[in-house]
Amino acid sequence: LAFEEGELDLMLRKPRGKTDHLFSMRLLMVGYIQMGSLQTFGLFLSYFYVMDNFGFNFFTLFYLQFREGVVAKKTDPYDPYSPVFGNSKIGDHCAKITGSPYDIDGAYLERVDWQYLQHSYVDLRNVLVKCDGNGAVMPVFEWGECYIKQRSPITDVPVCYSTEALKYAQTSGFFAIVIGQYANLIAVKTKKLSVYYQGFANYMLPVGLGSELILTALLAYLLPIQRAFGTRDVIFAHFGITAMPFAMLCLIYDEVRKYMIRNAKAPSAHKPNWWVRNYSY
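Everything numeric here is computed off the predicted structure, so don't read it as measured data.

(A) Representation of the overall build of the chain in the model. Per the secondary structure count, the chain includes seven helices and four strands. Scanning the chain from its N terminus toward the C terminus, one meets helices and strands in the order α-β-β-β-β-α-α-α-α-α-α. Here the C-alpha atoms of the chain give a radius of gyration of 26 Å, more than 25% beyond the 19 Å that 2.2 N^0.38 yields for 281 residues. The principal-axis extents of the C-alpha atoms in the chain amount to approximately 80 × 40 × 30 Å. Across the 281 residues of the chain, 40% fall into the buried class. In the chain, 70% of the contacts between residues at least 6 apart in sequence involve partners at least 24 apart. By element, 63% of the accessible surface of the chain is carried by carbon and sulfur atoms, the whole surface being about 16400 Å². A gap of 13 Å separates the mean positions of the 27 positive and 24 negative side-chain charges of the chain.

(B) The packing of aromatic side chains, seen in detail. Enumeration over the complete set of coordinates arrives at 16 aromatic pairs. Between Tyr63 and Phe66, the ring centres sit 6.5 Å apart and the planes meet at 35 degrees, which makes this aromatic pair tilted. On the accessibility criterion, Phe66 (43% relative accessible area) is partly exposed. Here Phe141 and Trp143 contribute two aromatic rings whose centre-to-centre distance is 4.7 Å and whose plane-to-plane angle is 50 degrees, an arrangement assigned as tilted. Here the two residues Phe141 and Trp143 agree in accessibility, since each one is buried. Among the aromatic residues, those joined into a ring-pair cluster are Phe44, Tyr47, Phe48, Phe58, Phe59 and Phe62. Geometry around Tyr121 places Lys74 over its ring, the cationic atom sitting 5.3 Å from the centre.

(C) Representation of empty space enclosed by the protein. Taken as a whole and judged by the stated rule, the model has one cavity of 30 Å³ or more. The space that makes up the largest cavity amounts to roughly 40 Å³. Forming the walls of the largest cavity are Leu38, Gln39, Gly42, Leu43, Ala176, Gly180, Ala243, Phe246, Ala247 and Cys250. Of all elements in the fold, only α1 (25-53), α2 (164-187) and α6 (244-263) reach the threshold of two or more residues within the lining of the largest cavity. Looking at which element gives the most residues to the lining of the largest cavity, the answer is α1, with four residues. By residue class, the composition of the lining of the largest cavity is seven nonpolar, three polar and no charged.

(D) Geometry of the packing of α2 against helix α4 (residues 204-221). Two numbers describe how α2 lies on α4: the axes approach to 11 Å, and their chain directions differ by 180 degrees. Comparing their axes, α4 and α2 come out roughly antiparallel. Where α2 abuts α4, its residues Phe174, Phe175, Val178, Tyr182 and Leu185 lie against Leu205, Leu209, Glu212, Leu213, Thr216, Leu219 and Ala220. Here the contact of α2 with α4 is built from residues that sort into 10 nonpolar, one polar and one charged.

(E) View of the layout of surface pockets. There is about 290 Å³ of room inside the second largest pocket. Lining the second largest pocket are 13 residues, with Tyr47, Leu61, Leu64, Gln65 and Leu166 sitting closest to its centre. For the lining of the second largest pocket, the secondary-structure elements that each account for two or more residues are α1 and α2. For the lining of the second largest pocket, the per-class residue count stands at nine nonpolar, three polar and one charged.

Cut-off values and rules
- Residues numbered from 1 in each chain as written.
- Predicted model: local features only at pLDDT ≥ 70, side-chain atom pairs only at ≥ 80, totals over all residues.
- Heavy atoms only, no water.
- Helix = DSSP H or I, 4+ residues; strand = E, 2+ residues; numbered from the N terminus.
- Rg over C-alpha atoms; globule rule 2.2 N^0.38 Å.
- Buried < 20%, exposed > 50% of the residue type's maximum accessible area, 1.4 Å probe, protein only.
- Contact = heavy atoms within 4.5 Å.
- Areas by Shrake-Rupley, 256 points an atom, 1.4 Å probe, with all protein chains shown as cover.
- Lys, Arg positive; Asp, Glu negative; His and termini not counted.
- Charge placed at Lys NZ, Arg CZ, Asp CG, Glu CD.
- Phe/Tyr/Trp six-rings, centres within 6.5 Å; stacked < 30°, edge-to-face > 60°.
- Lys NZ or Arg CZ within 6 Å of the ring centre and 35° of its normal.
- 1 Å grid on protein atoms, 1.4 Å probe; cavity = no way out; pocket = protein on both sides within 12 Å on 5 of 7 lines; lining within 4 Å.
- Points joined across faces, edges and corners; volume = space filled by probe spheres on them.
- Nonpolar A, V, L, I, M, F, W, Y, C, P; charged D, E, K, R; others polar.
- Axes fitted to C-alpha atoms, helices over the stretch in contact; angles between N-to-C directions.
- Parallel < 35°, antiparallel > 145°, perpendicular 65-115°, else oblique.

Below you can see the structure in the form of structure tokens.
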């Protein structure tokens, strides 16, 4: 933006007051509360969309990291036809017949590791279980459908129903923020004028956007960087694409805001209009 041409009406504006600060509540309102909120919604949409694609329903994600389960062995694949879903460590913990579901003794439970790779090999469908009261186990919540058949390059196990899904969702959320920042970059080219009048003569703008796109691709698809930062090789549909509607909404909202700053009626000739007082910086 240092290479951006000045706005057409720049020399017609009054100079900044000597008591005005560069960082103000109005800047905080526009940058964080308004534009930042829209980008945050795009991030969360990408996150929940990816987790849903890998079998985690929306409502099951809340407090999921605090759930404990019987972590299966690496040699215990999920088996929906087994009374214990293929988890040999459950043993006879659910042998008691009660006729109603009950939790497994907490002494045999441990919290699932979501941050690192300790439990990335397990299928959580035979880990997060409870006794059904009839000598078998049942899920603690309803699992979704696995829509994307993908294997992790780090663990070489399916991503669906594993802790690896979180890494993919976090990577997608990061890319959603990048797409939101693309829109934000275009929005902050001007303070009052429409982008339509400002144009795109800044030759450094596509250079910056392109270099950022290359950086995000390197973060996602280079194996050493994946190991270092916990990113994953997301597919195109997970490349923050779901945040694009919110990015477009950012641009539309900012154009409306600037239009109101330029054209809204002021209370008097010596006072700025309501939009200038509250939504300009």
